[in-house]
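Here is how the chains run, residue by residue.
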Amino acid sequence: MSKVEKTYTTKANFMLHGGDYNPDQWLDRPDILEDDVRLMKLSHTNTFSVGIFAWSALEPEEGVYHFEWLDQIFENIHSIEGKVILATPSGARPAWMSQKYPEVLRVNGSRVKQLHGGRHNHCFTSKVYREKTQKINRLLAERYGKHPALLMWHISNEYGGECHCDLCQEAFREWLKVKYDHNLKLLNDAWWAPFWSHTYNDWSQVESPSPIGESAVHGLNLDWRRFVTDQTVDFFENEIVPIKELTPNIPITTNFMADTFDLIPFQALDYSKFAKHLDVISWDAYPAWHNDWESTADLALKVGFINDLYRSLKQQPFLLMESTPSGVNWHEVNKAKRPGMHLLSSMQMVSHGSDSVMYFQWRKSRGSSEKFHGAVVDHDNSSENRVFKEVAKVGETLEKLNAIVGTNRPADVAILYDWESNWAINDAQGFGMKTKRYPQTLQEHYRTFWEQDIPVDVITKEQDFSAYKLLIVPMLYLMSEDTISRLKQYVANGGRLVMTYISGIVNEYDLTYTGGWHKDLQEIFGMNPIETDTLYPKDRNYVIFRNESYALKDYATVIEVSNAVVEGQYKEDFYAETPAITSHKFGDGKSYYIGARLADQFHRDFYQEIIDELHLKPVRKVAHGRGVSVQVRQAPDRDYLFVMNFTEEKQEISFDFVAEDMLNSEMITGNVTLEKYEVRILEAAR
């Protein structure tokens, strides 16, 4: 459990409210820029990300700089006591650079050089691009580094993608030489190169994965993804050299993302590595509220999971850098938030650890692809429309929550998430191609604790396990000897460990362990998973656990028990009446293995026993029905409760302690009715 203390991630001791501001699109409309100041006051916004895609406005020709407009924007925001999060402009190049220096253009996996256009389309290895970004960043730091409105640096924007040009090929080879000690045999062994006669006898033969070349060597694919993360981080580090030199006390962030349809962590980069290079984690959240494939509560659970992952990366408050006050322009159906949802969804972010609610975008563009993306200021320029009023309400609410800034969310339960394992299992040509669903599986194991308001950290394999009473490790397909050793030590020292099917199958090179399951895992769990049965969607089997029958789908592990206790058995098929769920005392701790993919009710019943055994409890007990979430942020002497109704009906809650409603100063206890999408924010002294 992390300590109950305050950590101010920026110099601001207030909740940040505002968003991406693109005045460079309106330089020929001074009346609009002037009116922005008026609307900023009315919307109760106080912080703005500026300059994200402004390179062509800052440097319209090579070596010709126009900073006057940005000077004025700084002064405008400062005049209302606002703050600026200043972005570096590397997310989108000006056309003159692409024309004069074509090496900055990316090459795709089919080895086709891309044309100028779009964004995030630059080569991370290009020496020219690295020099150009450092130069413009140095000028920005020199000019604005001491401005009283500067709060934070926003480095580039939503890093992602990859380049396969000759420069990147050579950088990849150099990266591999370092990783494998300049020994090609080590690389060939790690990649199982004799398969299909793919043994390399010269480094120059190594190419990145390609649809027109090699794509089935899993060790190559895995190392390429690692290289892409490392090269992106290296590009980031190059960007911040002048910023760290000239403004060492100004914190730095870049905005992480989530894959939107299933709302899972962004997969193209390993954020566990990237996080180490940031002062503050920030991310861009765009859930598809009111969709027709899941309930509001189910979607809220997924948002909570990602919040807890990104917060846990640095064990400190994070920032919501982008969200929408209404709809977006890139979902399959761009549905507007219903009345009340904007406040509720914003407060959910704060409840899980965000010290901000920021938007993309402040003002809607007149043209191009984002002219219909949600914004604080619509094309009508009005402060009287519904969306603007809901933003102002969020701003008024945040102004009452400044005491919460810097507080954290200690947890006794952790779920382990690993980007590399997800890359490897998705690359595996086995199991069910559409049913692996590693991140979604973790979210299902998270459900019981979210429903019971028990705090959870979503951690990575490098983090300290010993801080937690319970560690849940579903589907950790890729597991190194080091990770296995640390899990063994965790259980031996008294921890409770839950693991599932398809775990510990391959090592860090994506090579299977010979001789079956790793001997240390067999020792920890007192059993050996000897076969994985993969089911078709219509196939069904059942597990009997505590005399109840639970349907399973997708996967069932055939288990050979040595000295584990059989807690559940399969009901049907050739493995009927054999172990499906086991437990085993090991050292001072205990391990559990769940051999099958089971539904929500099983997880509720299974984890309830562990919750009771370990006396896991919410920070404050609030009785409520399903679909209501209570999340707590803790200061040294008080708790801040967010009681949120993620359903379309009224919900009754009750609690036996006295708390103050932070929004209206009312003292309340006992029974309270929550309206549809209502949130109550309570303060209770310890």
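Here, every reference points to the structure presented above.
Residues numbered from 1 in each chain as written. Predicted model: local features only at pLDDT ≥ 70, side-chain atom pairs only at ≥ 80, totals over all residues. Heavy atoms only, no water.

Visitor: Explain the overall build of the protein chain residue by residue, including any values.
Guide: Helix and strand content of the protein chain: 18 helices and 27 strands. For a compact globule of 686 residues, the expected C-alpha radius of gyration is about 26 Å, and the protein chain comes in at 26 Å, within 12% of that figure. Dimensions of the protein chain, computed from C-alpha atoms along their principal axes, come out at roughly 75 × 75 × 40 Å. When contacts within the protein chain are restricted to residue pairs at least 6 apart in sequence, those whose partners lie at least 24 apart make up 75%. A total accessible area of about 26,700 Å² is found for the protein chain, and carbon and sulfur atoms account for 49% of it. Placing the 73 positive and 97 negative side-chain charges of the protein chain at their respective mean positions leaves the two points 2 Å apart. (Helix = DSSP H or I, 4+ residues; strand = E, 2+ residues; numbered from the N terminus. Rg over C-alpha atoms; globule rule 2.2 N^0.38 Å. Contact = heavy atoms within 4.5 Å. Areas by Shrake-Rupley, 256 points an atom, 1.4 Å probe, with all protein chains shown as cover. Lys, Arg positive; Asp, Glu negative; His and termini not counted. Charge placed at Lys NZ, Arg CZ, Asp CG, Glu CD.)

Visitor: An account of empty space enclosed by the protein is requested, with residue identities and associated values reported.
Guide: Here the structure, examined in full by the defined rule, presents four cavities of 30 Å³ or more. Along its surface, the largest cavity is lined by Phe124, Thr125, Glu162, Cys163, Cys168, Trp224, Phe227, Val228, Gln231 and Thr232. With five residues, the top contributor of residues to the lining of the largest cavity is helix H8 (residues 218–239). When grouped by side-chain class, the residues that make up the lining of the largest cavity number six nonpolar, three polar and one charged. (1 Å grid on protein atoms, 1.4 Å probe; cavity = no way out; pocket = protein on both sides within 12 Å on 5 of 7 lines; lining within 4 Å. Points joined across faces, edges and corners; volume = space filled by probe spheres on them. Nonpolar A, V, L, I, M, F, W, Y, C, P; charged D, E, K, R; others polar.)

Visitor: Go over helix H12 (residues 341–351), please, and point to the residues and values.
Guide: Where burial is concerned, most of H12 is hidden: 11 out of the 11 residues are buried. Here H12 has its buried residues at Met341, His342, Leu343, Leu344, Ser345, Ser346, Met347, Gln348, Met349, Val350 and Ser351. Remark: Gly353 follows H12 within two positions and exhibits a positive phi of approximately 130°. (Buried < 20%, exposed > 50% of the residue type's maximum accessible area, 1.4 Å probe, protein only.)

Visitor: Account for the sheet that holds strand E3 (residues 83–87), naming residues and giving values.
Guide: Here we have six strands laid out as an open sheet, ordered E5-E4-E3-E2-E1-E11, and parallel in their pairing. Looking along the sheet, the strands with just one partner apiece sit at the ends: strand E5 (252–253) and strand E11 (356–359). (Pairing = 2+ DSSP bridges.)

Visitor: Tell me what's going on with the pairing of strand E1 (residues 16–21), and back it up with residues and numbers.
Guide: For E1, a buried count of six out of six residues is recorded, marking the element as mostly surrounded by other parts of the structure. Where E1 and E11 come together, four bridges link them in parallel fashion. From the neighbouring strand, Gly18 faces E11, where its bridge partner is Met358. Relative to strand E2 (residues 47–50), E1 runs parallel, the two sharing four bridges. Of the residues in E2, the one forming a bridge with Tyr21 is Val50.

Visitor: Now, about the sheet that holds strand E9 (residues 282–284): what can you tell me, with residues and values included?
Guide: Taken together, three strands build an open sheet; the order of strands is E6-E9-E10 and the sheet is parallel. Each of the sheet's edge strands pairs with one partner strand only, and the pair in question is strand E6 (255–256) and strand E10 (319–322). Pairing of E6 with E9, which is carried by two bridges, proceeds in the parallel orientation. Its bridge partner being in E9, Asn255 is matched across the sheet by Ser282.

Visitor: So what about the side chain of Asp520? Which residues, and what values?
Guide: Relative to the elements of secondary structure, Asp520 occurs in helix H17 (residues 519–525). Apart from the residues within four sequence positions on either side, Asp520 is in contact with Ile484 and Lys488.

Visitor: Tell me what's going on with a nonpolar patch on the surface, and back it up with residues and numbers.
Guide: Judged by side-chain polarity, Trp192, Phe195 and Trp196 come together as a nonpolar surface patch covering roughly 430 Å² of accessible area. Following the sequence through the fold, Trp196 ends up in the loop between helix H7 (184–190) and H8. A relative accessible area of 58% means that Trp196 is categorised as exposed. (Patch = residues over 30% accessible without salt bridge, like charges linked within 9 Å, V, L, I, M, F, W, Y side chains within 5 Å. Salt bridge = Lys/Arg side-chain N within 4 Å of Asp/Glu carboxyl O.)

Visitor: Help me get a handle on the environment of Glu370, residues and values and all.
Guide: Residue placement: Glu370 occurs in the loop between E11 and helix H13 (386–398). Look at Glu370 and you get partly exposed, because its relative accessible area is 23%. Put simply, Glu370 and Ser591 are 221 residues apart on the chain and 50 Å apart in space, counted from C-alpha to C-alpha.

Visitor: Describe the environment of Gly568, with residues and values.
Guide: For Gly568, the position within the fold is in strand E19 (residues 565–570). The spatial distance from the C-alpha of Gly568 to the C-alpha of Ala580 is 5.3 Å, given a sequence separation of 12 residues.

Visitor: Hey, could you go over the packing of aromatic side chains for me, with residue numbers and the actual values?
Guide: Going through the model one piece at a time under the given rule, you end up with 50 aromatic pairs. Here Phe525 and Tyr593 contribute two aromatic rings whose centre-to-centre distance is 6.1 Å and whose plane-to-plane angle is 80°, an arrangement assigned as edge-to-face. Here Tyr593 lies in strand E21 (residues 589–594) and Phe525 lies in helix H17, a separation of 68 residues in the sequence. Take Phe525: its relative accessible area is 1%, and that puts it in the buried class. Arranged with centres 5.5 Å apart and planes meeting at 20°, the rings of Phe602 and Phe606 form a pair that is stacked. Taken together, the residues span about one helical turn, with Phe602 and Phe606 both in helix H18 (residues 600–614) at a distance of four residues. (Phe/Tyr/Trp six-rings, centres within 6.5 Å; stacked < 30°, edge-to-face > 60°.)

Visitor: Break down the pattern of salt bridges for me, with residues and values.
Guide: Enumeration according to the criterion identifies 52 salt bridges in this entry. Between Lys179 and Asp223 there is a salt bridge, with the nearest N and O atoms lying 4.0 Å from each other. Placement of the pair is Lys179 in helix H6 (residues 166–179) and Asp223 in helix H8, with a sequence separation of 44 residues. Residue classification places Lys179 among the partly exposed residues on the basis of a relative accessible area of 34%. For Glu666, the salt bridge goes to Arg680, with nearest N and O atoms at 3.7 Å. Taken together, the positions of Glu666 in the loop between strand E25 (651–661) and strand E26 (667–674) and Arg680 in strand E27 (residues 679–685) put the pair 14 residues apart, joining distant regions of the chain. Residues participating in the shared-partner salt-bridge network are Lys179, Asp223, Arg226, Asp230, Lys273, Asp418, Glu420, Lys461 and Glu462.

Visitor: How would you summarise the layout of surface pockets if you had to cite specific residues and measurements?
Guide: A volume near 660 Å³ is recorded for the largest pocket. Along the wall of the largest pocket there are 28 residues; nearest its centre are Asp24, Gln25, Phe53, Ser368 and Glu370. Looking at the lining of the largest pocket element by element, the count peaks at three residues for helix H2 (residues 55–58). Grouping the amino acids of the lining of the largest pocket by side-chain chemistry returns nine nonpolar, 12 polar and seven charged.

Visitor: Talk me through the pairing of strand E23 (residues 628–635); I want residue IDs and the actual numbers.
Guide: The element E23 is largely enclosed, with a buried count of eight among its eight residues. The alternating pattern of E23 places Val628, Val630, Val632 and Gln634 and Ser629, Gln631, Arg633 and Ala635 on opposite faces, both of which are buried. Linking E23 back to strand E24 (residues 638–645) in an antiparallel pair, the connection comprises two residues.

Visitor: I'd love a proper account of the packing of H8 against helix H14 (residues 419–427), names of residues and values included.
Guide: What describes two packed helices is the angle between their axes and the distance between those same axes. With their axes 10 Å apart at the nearest point, H8 and H14 run at an angle of 145° to one another. Seen from above, H8 lies across H14 with right-handed handedness. Here His218, Asn221, Leu222, Arg225, Arg226 and Thr229 of H8 come into contact with H14, specifically with Glu420, Trp423 and Asp427. Grouping the constituent residues of the contact of H8 with H14 by class yields two nonpolar, three polar and four charged. (Axes fitted to C-alpha atoms, helices over the stretch in contact; angles between N-to-C directions. Left-handed = near helix turned anticlockwise from the far one by under 90°.)

Interpretation in functional terms is not warranted from these geometric data alone.
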